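Architecture and fold: a report
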Amino acid sequence: MREIIFDTETTGFDPRSGDRLVEIGCVELVDRRETGVTFHAYFNPERDMPAAAEAVHGLSIQFLSDKPLFATRVDELIEFLGDAPLVAHNAAFDFGFVNAELARAGRPALDMARMCCTVQMARKLHPGAKHSLDALCTRYGIDRSHRVKHGALLDAELLAHLYIEMTGGRQIGLGLAASAVSITPSVAPVPAPSHPDRPFREPRPHMASAAELARHAEFVAGLNQPLWLDTV
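Residues numbered from 1 in each chain as written. Predicted model: local features only at pLDDT ≥ 70, side-chain atom pairs only at ≥ 80, totals over all residues. Heavy atoms only, no water.

**Considering the pattern of salt bridges**
Pairs can form between side chains of opposite charge whenever their charged atoms are close. Inspection of every chain in the model, using the stated rule, returns 12 salt bridges. The salt bridge partner of Arg 104 is Glu 101, with a shortest N-O separation of 3.5 Å. Within this pair, Arg 104 and its partner Glu 101 are both found in helix 4 (residues 91-104), separated by 3 residues, close to a single helical turn. Note on Glu 101: relative accessible area 2%, which makes it buried. Among the salt bridges present, the one from Arg 144 reaches Asp 134, with a minimum N-O distance of 3.8 Å. One end of the pair, Arg 144, is in the loop between helix 6 (133-139) and helix 7 (152-166); the other, Asp 134, is in helix 6, with 10 residues separating them in the sequence. Asp 134 sits in the partly exposed class, given a relative accessible area of 28%. (Salt bridge = Lys/Arg side-chain N within 4 Å of Asp/Glu carboxyl O. Helix = DSSP H or I, 4+ residues; strand = E, 2+ residues; numbered from the N terminus. Buried < 20%, exposed > 50% of the residue type's maximum accessible area, 1.4 Å probe, protein only.)

**Structural notes on the nonpolar core**
Formed by 25 residues in total, the largest nonpolar core has its most connected members in Ile 4, Phe 6, Ile 24, Cys 26 and Leu 81. Broken down by secondary-structure element, the contributors of at least two residues to this core are strand 1 (2-10), strand 2 (21-30), strand 3 (33-42), helix 3 (70-81), strand 4 (86-88) and helix 4. Core analysis: the second largest hydrophobic core is formed by 21 residues, Met 121, Leu 133, Leu 159 and Leu 162 among them. (Core = buried A, V, L, I, M, F, W, Y, C linked by side-chain atoms within 4.5 Å.)

**Things to note about the sheet that holds strand 4**
Read from one edge of the open sheet, 5 strands run 3-2-1-4-5, paired in mixed fashion. On the outer flanks of this sheet lie strand 3 and strand 5 (115-117), each paired with one strand and no other. The sheet shows a mean angle of 25° between the axes of neighbouring strands, direction not considered. Where strand 1 meets strand 2, 9 bridges bridge the pair, whose relative direction is antiparallel. Looking at strand 2, one finds that Thr 8 is bridged to Ile 24. Contacting strand 1, strand 2, strand 3 and strand 4, helix 3 crosses the sheet at an angle of about 165° to strand 3. On the sheet, helix 5 (residues 118-125) packs against strand 4 and strand 5 and is oriented at approximately 45° with respect to strand 5. (Pairing = 2+ DSSP bridges. Axes fitted to C-alpha atoms, helices over the stretch in contact; angles between N-to-C directions. Contact = heavy atoms within 4.5 Å.)

**Looking at the packing of aromatic side chains**
For any pair of aromatic rings, the description consists of the separation of the ring centres together with the inter-plane angle of the planes. According to the stated counting rule, one finds 5 aromatic pairs in the structure shown. With a centroid separation of 5.9 Å and an interplanar angle of 35°, the aromatic rings of Phe 39 and Phe 80 are classed as tilted. Placement of Phe 39 in strand 3 and of Phe 80 in helix 3 is noted, with a sequence separation of 41 residues between them. On the basis of relative accessibility, which here comes to 6%, the residue Phe 39 falls in the buried class. If you follow Arg 2 out to its NZ or CZ, it ends over the ring of Phe 80, 5.4 Å from the centre. Between the NZ or CZ atom of Lys 67 and the centre of the ring of Phe 63, over which it lies, the distance is 3.9 Å. (Phe/Tyr/Trp six-rings, centres within 6.5 Å; stacked < 30°, edge-to-face > 60°. Lys NZ or Arg CZ within 6 Å of the ring centre and 35° of its normal.)

**With respect to the side chain of Asp 155**
Tracing the chain through its elements places Asp 155 in helix 7. Not counting chain neighbours up to four residues away, the residues in contact with Asp 155 comprise Asp 7, Glu 9, Leu 133, Arg 147 and His 150.

**Some thoughts on the side chain of Arg 20**
Take Arg 20: it is sitting in the loop between strand 1 and strand 2. At 3.3 Å, the side chain of Arg 20 forms a polar contact with the backbone oxygen of Pro 45. Setting aside residues up to four positions removed in sequence, Arg 20 forms contacts with Glu 9, Thr 10, Thr 11, Pro 45, Glu 46, Arg 47, Phe 97, Glu 101 and Arg 104. (Polar contact = N/O pair within 3.5 Å; in protein donor to acceptor, adjacent residues only side chain to side chain.)

**Some remarks on the environment of Asn 90**
Considering the arrangement of structural elements, one finds Asn 90 in the loop between strand 4 and helix 4. Residues Asn 90 and Thr 118, spaced 28 residues apart in sequence, show a C-alpha to C-alpha distance of 6.7 Å. Residues in contact with Asn 90, not counting those within four places in the same chain, are Cys 117 and Val 119.

**Structural notes on the pairing of strand 2**
Among the 10 residues that make up strand 2, 9 are buried, leaving the element largely enclosed by the rest of the structure. Looking at chain direction, strand 2 and strand 3 are connected through 7 bridges and run antiparallel. Bridge pairing in strand 3 places Leu 29 opposite Glu 34. Hairpin remark: strand 2 followed by strand 3, antiparallel, with 2 residues in the connecting loop; positive phi at Asp 31, about 55°.

In short, shape yes, function no, at least from these values alone.
So, in structure tokens, the structure goes:
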């Protein structure tokens, strides 16, 4: 199964108020394994970059000013995404910005049915815990020491590792059940050693004799209120 893990960086929080997409990073998974195939692009937002947003991702308007418009690379992006399920952290946010840019470029919106949100997954797996990407990477032992600022491709790569762990880890899809064979252990009887110089003895019955049962009953009768007897 092919899945795309993706992340975006933007000029703000709401595309309806004029905020724009400035970076997208996508990582391809096939059968829960990274293929090494990615899509990454910066975009000129055709507007200023608020200081609060630049503090998060470090992308200045000077850096983005010579980057292509979203419409220039939209066909590449659509081809890369294909019809695969799309996984993102707080996915409604990323879908909202991508769909706003697709609308500007005159392309159909992404179907929300393709959306898989790892924040929602984390809330079910770890209710009451922190669900940020940083917190979940710490929980699952994913190294994020190289993450100084947010970056779409970097965060998509971290999210790919996280998604794999949250959906069963690297062992999922190994096909062990399909390749397993039924092995019935064979235990051969061990022949009794032959000692011709010893007399043959009949096997002893492993049960108490009548005399042994009588002695046991006599012993139990002498106990002071044993717990296993009904003394009421």
